[in-house]
Amino acid sequence: MKKERKTREPLVHITKRATIPLWKAILVRVVAILIALVISAVVVVVFTHKNPVEVLRAMFNGNFGSARKVLFLLQRTAMLLCISLAVTPAFRMKFWNIGAEGQVLMGALAAAACMFYFGKTKMPNWLLLILMFAASLIFGMLWAIIPAIFKAAWNTNETLFTLMMNYVAMQIIQICVSIWAPNGSGVMGHINPTTYKGWLPDVFGQKYLINIIFVTILTGILFVYLTFSKHGYEISVVGESENTARYIGINVKKVILRTMAVSGLICGFAGFLLVAGENHTITKDLAGGMGFTAIMVSWLAKFNPLIMMGVSFLLSFLHLGGVQVAQDCRLNESIPEIITGIILFFIIGCEFFTRYKLNFRSAGKEEAK
Amino acid sequence: MIFLKIIHFISAAIVQGIPLLFGATGEILTEKSGNLNLGIPGIMYVGGISGIIGGYLYEKAAPTPNGFLLILIPLLASMLGSLLMALIYSVLTITLRANQNVTGLALTTFGVGLGNFFGGSLLAMFGESGSIALKATGAAYRTKIPFLSTLGWFGDLFFSYGFLAYTAVIIAIVAGIILNKTRVGLNLKAVGESPATADAAGINVVKYKYLATCIGGVIAGLGGLYWVMDYTDGAWTNNGFGDRGWLAIAIVIFAIWKPKLAIPSSFLFGGLYILSVFIQVPTSWAREIINMLPYLVTIVVLCAVSARKKRENLPPASLGLSYFREER
């Protein structure tokens, strides 16, 4: 009575989960982050030859060591959050816009141009700020909408297109800086350093605070826009299935263009805040790679603006803490990028276990009996 | 005089183009399997720094280094480093089906960080000061063909490079032949165009994706190695490699996913990279406009290709998508 199994059953069989209980989803992520943190700790300790407690203390010191440092941490979190919010509407639509860096830079450039050209005139400061604000938004939007037009018309690959647009934007800034910079030095320095024209005012005597307030408000607005508005619904449908969207009468091309315009507007706004509220100058490194980090933030937060606050805080904390550790140990300041990379790999990897289920061979047999 | 200057320019453009060619060939192979690996810039950094670490340790261990080992050890170290990076990407995107864009960007962050960290701290970790300069290793990599390189302008143009430069061209040609003339290449393209169809035809999709991504990563990493060993003569400067990794991805588009076209494209982009130095443009803004050209031209090519919709010129149809057999 031997019944030989003809087909070879693989050791692991993968099936897609329909749903996953919330506690399980959270557990998977917490475990992943814990493993990542342990590995990062080992890596840092090996590199620095210091005990982990000391490293941790240095990290907290780098972030919470003084009131100025706390404010700086919050400011960095706010800017990263702002750009993450910007890329989110497009991502929900599965439009892979990786050109946030360029869109932010174009917004920043527009703001800086207004400061540069109208700073010497008799224009009142409030009018100049409004002008900068409007110019930033328009430039950011233009930079985002160009790839969207080509995507809608010819289905041009948006990932590659937006990627190239980043470097075009950087070069345009280089061109402008080389024209504007005094004596051909190639460095702008603060614009209007004596008149403070086009500088956002300090709130409660604190620099940066106004940026943090703006971004907090923006987070709320975008959460409502994506979750409760008709536009948000249309974005989600297009993201899930373009055919379904077409079937229920959504104009897919219009939604693509409109959503990229929204993305670009917010990127432009981030550029405005970077220039008017933080740096008061323009360089091609102004966004400092945050346009790319924001993509990961948005994705890790599952495109949810509220979770994004936490993720951008975590990444900013790691960044500033890592810089402090590196300085204390006289090592290169790239430690935070390594740690961020390790943590990202684990969070990216753990997504799999929330979406799919592993069925082992032995377990399957027992169930069959 | 002008003739010699042009020869000098072309030869400099080729030197600039070689790292780009390695990166572009690697990325073409990867993309042909449907994987858009945006981690290539990071992989190239790791390829460079792994070679540096290998060379540093060997130069430290051997007081009278052997010329052959001077080349072999950094080469193997570099290939191992790039392979590990490509494996991280492969496991995450192929086995764990993660989003390719996010994984690639994370890999680039990680790789650039790793490169700059070791580049800036390697000597400090061994209790030395100063910056890395592997003279012996650099010299070994820059060894030219003895007799041919002294043939005047002809030698300058064709025989004045280290062996990695010729390797880059050979790899690109071989990759082109494999993609277009062999069954393996045909299968690989099938995987990139429609993994489900390839799977139904009995092609092992996972195996092809893994192999293409890993081999592509190793090839790209050699670009980093060429940069640190040949171009900078065994020295490391932080962020010295710059945005060349992204430029390599641009070349993939510019060469419309064909390794053979990648060879002249890389030299062209390499030429554009240094053109402003050679023609001595009077104003710095004009120089920046020239630096913008490679990206602008790439965008134009990308749009033109998508507008003409000629099948063989389009990107692989499943580019950027993960494959799961049971997904509809």
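Reading the values: rules and limits
Residues numbered from 1 in each chain as written. Chains lettered and ligands numbered in written order. Predicted model: local features only at pLDDT ≥ 70, side-chain atom pairs only at ≥ 80, totals over all residues. Helix = DSSP H or I, 4+ residues; strand = E, 2+ residues; numbered from the N terminus. Buried ≥ 20, exposed ≤ 12 C-beta atoms within 10 Å, placed from the backbone. Contact = placed C-beta atoms within 7 Å. Rg over C-alpha atoms; globule rule 2.2 N^0.38 Å. Nonpolar A, V, L, I, M, F, W, Y, C, P; charged D, E, K, R; others polar. Expected span 1.5 Å × (residues − 1). Arc of directions from axis to C-beta. Bend = angle between axes of the 7 residues up to and from the residue. Pairing = 2+ DSSP bridges. Axes fitted to C-alpha atoms, helices over the stretch in contact; angles between N-to-C directions. Left-handed = near helix turned anticlockwise from the far one by under 90°. pLDDT = per-residue confidence, 0-100.

Before going further, it helps to spend a moment on the overall build of chain A. Scanning chain A from terminus to terminus reveals 14 helices and two strands. For chain A, the spread of C-alpha atoms along the principal axes amounts to about 100 × 60 × 35 Å. Residue burial in chain A is summarised as follows: out of 369 residues, 47% are buried. Sequence separation of at least 24 residues holds for 80% of the intrachain contacts in chain A that already meet a minimum separation of 6.

Take the overall build of chain B next. Summing up its helical and strand segments, chain B has 13 helices and zero strands in all. Ordered by position from N to C terminus, the α and β elements of chain B give α-α-α-α-α-α-α-α-α-α-α-α-α. Relative to the 2.2 N^0.38 estimate, which gives 20 Å for 328 residues, the radius of gyration of chain B is 20 Å and therefore close to what a compact globule would have. By the burial criterion, 52% of the 328 residues in chain B qualify as buried. Considering only contacts within chain B whose residues lie at least 6 apart along the sequence, 79% involve residues at least 24 apart.

For the rest of this paragraph, the subject is unusual backbone geometry. Of all residues except glycine, most have a negative phi; of all peptide bonds, most are trans. All names here are of chain A. With a phi close to 55 degrees, K302 is a non-glycine residue in the positive phi region. Locating K302 in the fold gives a position in the loop between α11 (290-300) and α12 (305-328). Judged by C-beta crowding, with 13 C-beta atoms within 10 Å, K302 ranks as partly exposed.

This paragraph deals with the interface of chain A and chain B. With 41 residues of chain A at the interface, the matching set in chain B holds 43 residues. Of all elements in the fold, only α5 (125-154), α6 (158-180), α11 and α13 (335-355) of chain A reach the threshold of two or more residues within the side of chain A that touches chain B. Tallying contributions element by element places α6(A) first for the side of chain A that touches chain B, with 12 residues. Its residues assigned to classes, the side of chain A that touches chain B comprises 23 nonpolar, 14 polar and four charged.

All right, on to the environment of A:N63 then. Mapped onto the secondary structure, A:N63 falls in helix α2 (residues 52-64). Excluding anything up to four places from it in sequence, A:N63 contacts A:K69, A:L73, A:F317, A:L320 and A:G321.

Moving on, we come to the environment of A:A301. Residue and element names in this part refer to chain A. With respect to the helices and strands, A301 occurs in the loop between α11 and α12. Classification of A301 by C-beta neighbours within 10 Å gives partly exposed; the count is 19. Sequence separation between A301 and L314 is 13 residues, and the spatial gap between their C-alpha atoms is 12 Å.

This part covers helix α7 (residues 209-228) of chain A. Residues and elements named next belong to chain A. Compared with the 28 Å implied by 1.5 Å per residue over 20 residues, the 29 Å span of α7 between its first and last C-alpha is a close match. Taken together, the buried positions of α7 are N211, I212, V215, L218, L222 and L226. End-on view of α7: buried residues confined to an arc of 120 degrees, all on one side of the axis. Among the exposed residues of α7, those pointing more than 90 degrees away from its buried face are I213, I217, G220, I221, V224 and F228. In this structure, the buried side of α7 is in contact with α3 (67-92), α8 (230-240), α10 (252-279) and α12.

Between the first and last C-alpha of helix α1 (residues 2-32) of chain B there are 42 Å, a value that for 31 residues agrees with the 45 Å anticipated at 1.5 Å per step. At B:G17, α1(B) shows its largest kink, close to 35 degrees, and the proline B:P19 lies no more than four residues downstream.

This next bit is on the pairing of strand β1 (residues 12-16) of chain A. Residue and element names in this part refer to chain A. β1 sits mainly on the outside: zero of its five residues count as buried. As judged from the five bridges shared by β1 and strand β2 (residues 356-360), these two strands associate in the antiparallel manner. From the neighbouring strand, H13 faces β2, where its bridge partner is N359.

Turning our attention to the packing of α2(A) against α12(A). Pairs of packed helices are described in terms of their axes, by the angle between the two and the distance that separates them. Residues and elements named next belong to chain A. At a minimum axis distance of 7 Å, the contact between α2 and α12 shows a crossing angle of 115 degrees. Of the two elements, α2 crosses α12, and the hand of that crossing is right-handed. Where α2 approaches α12, its residues V55, A58, M59, N61, G62 and N63 are matched on the opposing element by F317, L320, G321, V323, Q324, V325 and D328. Here the contact of α2 with α12 is built from residues that sort into seven nonpolar, five polar and one charged.

Per-residue confidence for chain A gives a mean pLDDT of 84; residues scoring 70 or more make up 94%. Mean pLDDT across the elements of chain A bottoms out in helix α14 (residues 361-368) of chain A (53) and peaks in helix α4 (residues 100-118) of chain A (91).

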